[in-house]
Amino acid sequence: MSKVAAGLCPAVFFGYTVTMKRENFVCTIGFQGDTAIVDGTARKRYGKRSPQELLDEGLYRYAFCAALYDDALEGFVERFRAASGIEASSVDDLKRLFGVFSVPDDLAKVQSIS
């Protein structure tokens, strides 16, 4: 099991290890320096849903982030194409499309906005 699948995505904060929770990663809007900016309202509503549930609701970026965090990318591209109608041929295509490449491991904190 990968660190991501185990929920152990370490970030360093003054020498202490903290983790970026799945709910935060799925609903991250962007980054400012070493801080992740998270949509707090979306996190409450969608943060615990599965990638397939998010695809079914048309929340494609959230679905991709959930699959990436869960290390559940096998078959995701095909399900994404079927749900969205967007031609993507690989996980790398989706990474470029959504601008999400990996779970960050060098964050100091997570800031939630509503």
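Calculation rules
Residues numbered from 1 in each chain as written. Predicted model: local features only at pLDDT ≥ 70, side-chain atom pairs only at ≥ 80, totals over all residues. Heavy atoms only, no water. Pairing = 2+ DSSP bridges. Helix = DSSP H or I, 4+ residues; strand = E, 2+ residues; numbered from the N terminus. Axes fitted to C-alpha atoms, helices over the stretch in contact; angles between N-to-C directions. Buried < 20%, exposed > 50% of the residue type's maximum accessible area, 1.4 Å probe, protein only. Arc of directions from axis to C-beta. Contact = heavy atoms within 4.5 Å.

Strands sit in the order β3-β4-β5 across an open sheet of three strands; the sheet is mixed. Of all the strands in the sheet, the pair left with one neighbour each is β3 (28–32) and β5 (109–113). Strand-to-strand, the axes of this sheet are offset by a mean angle of 25 degrees, without reference to chain direction. Sheet topology places β3 next to strand β4 (residues 35–39); four bridges connect them, and they run antiparallel. Paired with F31 across the bridge in β4 is A36.

In this section: helix α5 (residues 76–84). Regarding α5, the residues found buried are F76, V77 and F80. For α5, the angular spread of buried residues about the axis comes to 95 degrees, placing them on one side. Each element contacted by the buried residues of α5 is listed here: α3 (51–56), α4 (60–70) and α6 (91–98). The positive-phi residue at the C-terminal boundary of α5 is G85, with phi of around 80 degrees.

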